[in-house]
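Residue-level structure breakdown
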Amino acid sequence: MPGMQKGDILGHEFMGVVDEVGPDVKNHKKGDRVVVCFDIACGSCAYCHKGLHSSCSTTNPSGDQEALYGLKSGGFFGYSHLTGGYEGGQAEYVRVPMADVNCLAVPEGMPDEKVILLSDILGTAWHANEMGEVGPGKNVAIWGAGPAGRVILIDKEVYRLEYAAKKVPGVETLDYSKKKVDAELRAMFGDLQGPDVCIEA
Ligand SMILES: [Zn+2]
């Protein structure tokens, strides 16, 4: 990953129990269980006001990312100095800036295994589906058998394809190490020439 430095701590998806809060934190207290957004938002810039937290214009000081891409994202936890050099969650403790904006309190009774997905992966999948206008009657091809996702799941990791087929009723799978993806998709959808929506998960 570009922008990594010796000693950086990875881990952009995490949750935990609040151990200490800064003087400006109003919504959380010691002992609260929280899930943390992977992107770091200030909550007050123009992008944050539009709900575009991953584009926050104040939390990523990286000049390299701007030079590489022309624009830059907001800060991300555990994602190298390209996204601000914030230490990630693969540690005993992690500091969460602007905790009122970036922490979500977890209701009692909700297991960690379900809530942790809110940190990044569930929101990312939801966003892709919204952008692709996925809905009833749409044919969807998904590259990469993550937990995101007529749905055709394309991967070469057999255990992921088998897991998805078992867990998601009606999902079809395509192993790209054994079959030609383009020809298979065209054959599957006939006159449509392919799926309506393609998502890289
Ligand atoms: Zn902001």
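Residues numbered from 1 in each chain as written. Predicted model: local features only at pLDDT ≥ 70, side-chain atom pairs only at ≥ 80, totals over all residues. Heavy atoms only, no water.

As a further point, take the overall build of the chain. If you tally the helices and strands in the chain, you get 7 helices and 9 strands. The principal-axis extents of the C-alpha atoms in the chain amount to approximately 60 × 45 × 35 Å. Here the chain holds 201 residues, and 32% of them are scored as buried. For the chain, the exposed area adds up to about 12800 Å²; of that, 55% sits on carbon and sulfur atoms. Positive and negative side-chain charges in the chain, numbering 19 and 28 respectively, have mean positions lying 3 Å apart. (Helix = DSSP H or I, 4+ residues; strand = E, 2+ residues; numbered from the N terminus. Buried < 20%, exposed > 50% of the residue type's maximum accessible area, 1.4 Å probe, protein only. Areas by Shrake-Rupley, 256 points an atom, 1.4 Å probe, with all protein chains shown as cover. Lys, Arg positive; Asp, Glu negative; His and termini not counted. Charge placed at Lys NZ, Arg CZ, Asp CG, Glu CD.)

Pairing is parallel across the open sheet formed by 4 strands, whose spatial order is β8-β7-β6-β9. The open sheet terminates on both sides in strands that have one partner only, identified here as β8 (172–175) and β9 (197–200). Averaged over all pairs of adjacent strands, the angle between strand axes in this sheet comes to 20 degrees, irrespective of strand direction. By the bridge criterion, 4 bridges tie strand β7 (residues 151–155) to β8 in an arrangement that is parallel. In the strand pairing of β8, L153 is matched with T173. Contacts from helix α7 (residues 181–189) reach β6 (140–143), β7 and β8 within the one sheet, and its direction differs from that of β7 by about 170 degrees. (Pairing = 2+ DSSP bridges. Axes fitted to C-alpha atoms, helices over the stretch in contact; angles between N-to-C directions. Contact = heavy atoms within 4.5 Å.)

The phi torsion at M98 lies on the positive side, around 45 degrees, for a residue other than glycine. Of note, M98 is situated in the loop between β4 (75–76) and α3 (99–102). Under the relative-accessibility criterion, M98 is labelled partly exposed at 38%. In this structure, E133 takes a positive phi of about 50 degrees despite not being glycine. Its location among the elements puts E133 in the loop between α5 (121–131) and β6.

What follows is about the packing of aromatic side chains. Using the criterion set out here, one finds 4 aromatic pairs in the structure. Aromatic side chains F76 and Y79 sit 5.5 Å apart centroid to centroid with 75 degrees between the ring planes, which places their arrangement in the edge-to-face category. Judged by relative accessible area, which is 12%, F76 ranks as buried. Of the residues examined, Y79 reaches a relative accessible area of 29% and is grouped as partly exposed. In this structure an aromatic cluster arises from ring pairing among F14, F77 and Y86. (Phe/Tyr/Trp six-rings, centres within 6.5 Å; stacked < 30°, edge-to-face > 60°.)

Taken together, C42 (SG), C45 (SG), C48 (SG) and C56 (SG) make up the full set of protein donors to the zinc ion, lying 2.3 to 2.4 Å away. What the 4 donor atoms of the zinc ion show is an angle range of 102 to 116 degrees at the metal, which sorts the shape as tetrahedral. Positions of the donor residues of the zinc ion, expressed as sequence spacing, correspond to C-x2-C-x2-C-x7-C. Each member of the pair C45 and C48 is classed as buried. (Donors = N, O, S within 2.8 Å, 3.2 Å for Na, K, Ca; no water. Tetrahedral: all angles 85-135°; square planar, octahedral: opposite > 155°, others 65-115°.)

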